[in-house]
Amino acid sequence: PAYPIILVPQAPSSLINIHNVKDLLEKGVFKTREEKKKEKAKVEERVSVVHEEGGHNYHYKVVDNPRDIAPDQWDRVVAVFVQGPEWQFREYHLDSYRPRGADGKVIQPQKPGSVGNMLAKTCGFHVTYAKEPLHDNIPKWKLTVLPVHKADRHSDYMVMNKFWDTLRSQGRLISQQKAKFNVPARA
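Residues numbered from 1 in each chain as written. Predicted model: local features only at pLDDT ≥ 70, side-chain atom pairs only at ≥ 80, totals over all residues. Heavy atoms only, no water.

### Description of unusual backbone geometry
Backbone phi values are negative for most residues with the exception of glycine, while trans is the configuration of most peptide bonds.
Then step 1. Positive phi, close to 70°, is recorded for Lys 131, a residue that is not glycine.
Then step 2. As for its position among the elements, Lys 131 is in the loop between β5 (123-129) and β6 (143-148).
Then step 3. Lys 131 sits in the exposed class, given a relative accessible area of 85%. (Helix = DSSP H or I, 4+ residues; strand = E, 2+ residues; numbered from the N terminus. Buried < 20%, exposed > 50% of the residue type's maximum accessible area, 1.4 Å probe, protein only.)

Listed below in structure tokens is the structure:
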């Protein structure tokens, strides 16, 4: 099946990563990388997030290395977690996000794709600690900021809901794109 992809940063400094994204997006619980290490949580080779939509469970593939996404798979990216620095995108296949006309053809073939184009065609998210200053790039890009509190874990559930509500409002849920993903629902 052609599962949709959620892309998370690889950098150890990122608040959201392959180690903690599943807890946040499935259970509404944020744990730092350090907390996950203390738990001696097994690092899964393949991570997927399961989300219930309309009484069915759907799987979203989580990737932290953009090189693991083939050029023809970039159209399956539905969400991108952004740290802030542009170096995060140096391995991204941004040419998949060149501006296109109504006929689907690239408008300006000589122009490379951009972070802005990618974020316009996916849902961009930035996880930050509440009340901490944002990286300078964050306000420039089309992103949904997901603030987590350092000590207040009961608000994590709202962060999870905001993530899924944003995907829903942008038409990025599997249930809204069944023909594109051709993914079986599991009850």
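### Digging into the pattern of salt bridges
Then step 1. On inspection of all chains with the given rule, the structure shows nine salt bridges.
Then step 2. Of the charged contacts, one joins Asp 156 and Arg 153 as a salt bridge, the two residues approaching to 2.7 Å between their closest N and O atoms.
Then step 3. In this structure Arg 153 comes out as partly exposed when scored by relative accessible area, which is 29%.
Then step 4. A salt bridge links Asp 165 to Arg 168, with the shortest nitrogen-to-oxygen separation between them at 2.8 Å. Here the residue Asp 165 and the residue Arg 168 both occupy positions in helix α4 (residues 156-169), the gap between them amounting to three residues, near one helical turn.
Then step 5. Residue classification places Arg 168 among the partly exposed residues on the basis of a relative accessible area of 38%. (Salt bridge = Lys/Arg side-chain N within 4 Å of Asp/Glu carboxyl O.)

### Examining the sheet that holds β6
Then step 1. Sheet architecture is open: six strands sit in the order β2-β3-β1-β4-β5-β6, paired in mixed fashion. At either end of the open sheet lies a strand with only one pairing partner, and these are β2 (47-53) and β6. When the angles between neighbouring strand axes are averaged without regard to direction, this sheet yields 30°.
Then step 2. Sheet analysis places β2 next to strand β3 (residues 56-63), joined by seven bridges and oriented antiparallel. The residue of β3 that forms the bridge with Val 49 is Tyr 60.
Then step 3. The strands touched by α4 within the sheet are β1 (5-7), β2, β3, β4 (77-81), β5 and β6, with β6 carrying the most contacts at an inclination of about 170°. (Pairing = 2+ DSSP bridges. Axes fitted to C-alpha atoms, helices over the stretch in contact; angles between N-to-C directions. Contact = heavy atoms within 4.5 Å.)

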